Amino acid sequence: MEQEKVNGNKEPSAEASSYRCSACHGDEDWAPGHPLRGRAKSRSLSAAPVLASAREFRRTRSLHGPCPVTTFGPKACVLQNPQTIMHIQDPASQRLTWNKSPKSVLVIKKIRDASLLQPFKELCAYLMEENNMVVYVEKKVLEDPALLSDDHFGPVKRKFCTFREDYDDISNQIDLIICLGGDGTLLYASSLFQGSVPPVMAFHLGSLGFLTPFNFENFQSQVTQVIQGNAAVVLRSRLKVRVVKEPRGKKVAVPNGISENGLLATGLDMEVGKQAVQYQVLNEVVIDRGPSSYLSNVDVYLDGHLITTVQGDGVIVSTPTGSTAYAAAAGASMIHPNVPAIMVTPICPHSLSFRPIVVPAGVELKIMLSPEARNTAWVSFDGRKRQEIRHGDSISITTSCYPLPSICVRDPVSDWFESLAQCLHWNVRKKQAHFPEDEEDVEDADEEGGEEQAGS
């Protein structure tokens, strides 16, 4: 199956973005010689009576979620793998390649951290002077007093291209993103791009660094390798979140057509007087009780069917990338980023049987206040843009077709287990001591004696 070409932020159609399988597609969907060609027709004939009676329940999209767009920014894409099966790649085979040499780079630096000033200067000077690249930075980064007073950095500083969050759209001008700081810099980079995201290279200069695998000591050689296209990438799926609110007489300012790093979904609910805003979320959507002392009481729908009512402190809907963040602290399992899934994790539920669940990436979750709710709820997206949810409002969540391509030090599997061990100390404990040799000899003798007695 070939993926439809996507222009701008327009997403592929449901048919173009889903995975095909022999159970729901005809013979013509498989190439000649494909092992599944011929099976689809026989299966559909044998199941014809069932399909005829259940035609209205046929799914319109794949349970595996949309086929991710594998072009990142103007010039980057994933190297095509001829052994790809149903568009799910082997994690070890995901390699970055460039259609054209990258010329522009966005450098994201953790704000108000004096320890990052020197690495920031060295990196920017290297990108401009050694690689002749155009460097974009956020305007408030250059407003740091330490940079303003540095005369030696002046010639480099004058070459920067600057932007302001929520006002300037740079999504079509960036070829590569480099983050200096902790995991928060990667989440911030994701929020800047509501459509296709350029490849992200993250240096571990923060506190935790689960999502930032690169060390800065030898940054020149590592950046050169990435620019030359010699790197592995992991496609971190994101959530497409659509918040629909009842009008309450307050107008929302929308600078440059973008509402708080979200796309204003015009024409979706305007005909019924509602306002919809769309977000791309890398880690999780958190719905909680906010400042209220009452239990949170929200209904969770899956593909239009009510599956449960959350009574507790709230609920977390996360990506596999977010499974090692807030969800892990709430007792959820940790899932590798290549697994197509959405996690639903309750926060302190008032029920002993409410366990975290994993659902297929292609489903659509909808969360609303229960009619019996005593108070409102609050929602945040990757810890930002916190806002109140009232009766009549809804939050729709599904897997986005625009993943975040995170560049690996080695490969997606090795990097992930390295982060589990180094950052979260996964399964770290003292080793069990072995038996001393004299005790082993005594046990062997006892076993031999027992066998002799049994034989006699």
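Residues numbered from 1 in each chain as written. Predicted model: local features only at pLDDT ≥ 70, side-chain atom pairs only at ≥ 80, totals over all residues. Heavy atoms only, no water.

This is how it is decided: UniProt positions are given in the numbering used here, feature names are shortened, and annotations may be inferred rather than shown by experiment.
As recorded by an unreviewed UniProt entry, the chain carries the name NAD kinase and is attributed to Muntiacus muntjak. Quoted verbatim from the Catalytic activity (unreviewed entry) heading of the UniProt record, the comment on the chain is "NAD(+) + ATP = ADP + NADP(+) + H(+)". The record held by UniProt for the chain lists under Sequence similarities (unreviewed entry) the comment "Belongs to the NAD kinase family."

## Details of the pairing of strand S24 (residues 404-407)
Going by this rule: Summary of the burial criterion: residues with accessible area below 20% of their type's maximum are buried, those above 50% are exposed, and those between are partly exposed, where the area comes from a 1.4 Å probe applied to protein chains only. A run of H or I in DSSP counts as a helix once it spans at least four residues, and a run of E counts as a strand once it spans at least two, with each numbered from the N terminus. Whether two strands pair depends on DSSP finding at least two bridges between them.
Every second residue of S24 is oriented toward a common face, with Leu 404 and Ser 406 on one face and Pro 405 and Ile 407 on the other, all of them buried. Inspection of the sheet shows strand S9 (residues 233-236) paired to S24 by four bridges, in the antiparallel sense. The residue bridging Val 234 from the neighbouring strand is Ser 406, located in S24.

## Focus: the sheet that holds strand S21 (residues 377-381)
We count it as follows: Angular values range over 0 to 180 degrees, each being the angle between N-to-C directions of two axes fitted as lines to C-alpha atoms, with helices fitted over their stretch in contact.
Spatially, S19-S18-S17-S14-S21-S22 is the arrangement adopted by the six strands of the open sheet, whose pairing is antiparallel. In this open sheet, the two edge strands, each paired with only one partner strand, are strand S19 (357-360) and strand S22 (384-389). Sheet twist, expressed as the mean angle between neighbouring strand axes with direction ignored, is 20 degrees. Across five bridges, the pairing between strand S14 (residues 284-288) and strand S17 (residues 314-318) is antiparallel. The partner of Asp 288 across the bridge, within S17, is Gly 314.

## Let's talk about unusual backbone geometry
Its identity as a non-glycine residue notwithstanding, Cys 348 has a phi of 45 degrees, on the positive side. Counting through the fold element by element, Cys 348 comes out in the loop between strand S18 (341-347) and S19. Although it is not a glycine, Asn 427 sits at a positive phi angle of roughly 55 degrees. With respect to the helices and strands, the residue Asn 427 is situated in the loop between helix H10 (412-422) and helix H11 (437-455).

## Some details on the sheet that holds strand S2 (residues 76-78)
An order of S1-S2-S3 is seen for the three strands of this open sheet, with the pairing classed as antiparallel. Each edge of the open sheet is held by one strand with a lone partner, namely strand S1 (71-72) and strand S3 (96-98). Sheet topology places S1 next to S2; two bridges connect them, and they run antiparallel. For Thr 71, the partnering residue across the bridge sits in S2 and is Cys 77.

## Comments concerning the environment of Val 233
How we decide: We call two residues in contact when some of their heavy atoms are within 4.5 Å.
For Val 233, the position within the fold is in strand S9. Relative accessible area serves as the criterion here: at 0%, Val 233 is assigned to the buried category. When the C-alpha atoms of Val 233 and Leu 79 are compared, they prove to be 10.0 Å apart, with 154 residues separating the residues in sequence. Beyond its immediate sequence surroundings of up to four residues, Val 233 is in contact with Val 78, Gln 94, Arg 95, Leu 96, Ser 406, Ile 407, Cys 408 and Pro 412.

## Quick look at H10
Keep this limit in mind: The directions from the helix axis to the C-beta atoms are what the arc is built from.
When we look at burial in H10, the residues that qualify are Pro 412, Asp 415, Trp 416, Ser 419 and Leu 420. Taken around the axis of H10, the buried residues stretch over an arc of 135 degrees, which confines them to a single face. Buried residues in H10 make contact with S9.

## Describing the side chain of Asn 283
Note on placement: Asn 283 falls in the loop between strand S13 (275-281) and S14. The buried category is assigned to Asn 283, whose relative accessible area is 7%. Setting aside residues up to four positions removed in sequence, Asn 283 forms contacts with Leu 187, Val 317, Ser 318, Thr 319, Thr 321, Gly 322, Ala 325 and Asp 382.

## Here we look at helix H8 (residues 219-227)
Burial in H8 covers these residues: Phe 219, Gln 222, Val 223, Val 226 and Ile 227. End-on, the buried residues of H8 take up no more than an arc of 135 degrees, which puts them together on one face. Its buried side turned inward, H8 meets S3, helix H4 (117-130), strand S7 (176-181), strand S8 (200-204) and S24.

## Here we look at the packing of aromatic side chains
Short version of the rule: Paired rings are identified among Phe, Tyr and Trp, the last through its six-membered ring, by centres lying within 6.5 Å, and are further divided according to the angle between planes into stacked (under 30 degrees), edge-to-face (over 60) and tilted (the rest). The rule for a charge over a ring is simple: NZ of Lys or CZ of Arg within 6 Å of the ring centre, and within 35 degrees of the ring normal.
On inspection of all chains with the given rule, the structure shows 10 aromatic pairs. Look at Phe 153 and Phe 160: their rings are 6.0 Å apart centre to centre, the planes differ by 45 degrees, and that puts the pair in the tilted class. Grouping residues by exposure puts Phe 153 and Phe 160 together as buried. Cluster of aromatic residues (ring-pair linked, three or more members): Tyr 126, Phe 203, Phe 214, Phe 216 and Phe 219. Over the ring of Tyr 167 we find Arg 164, and its NZ or CZ is 5.1 Å from the ring centre.

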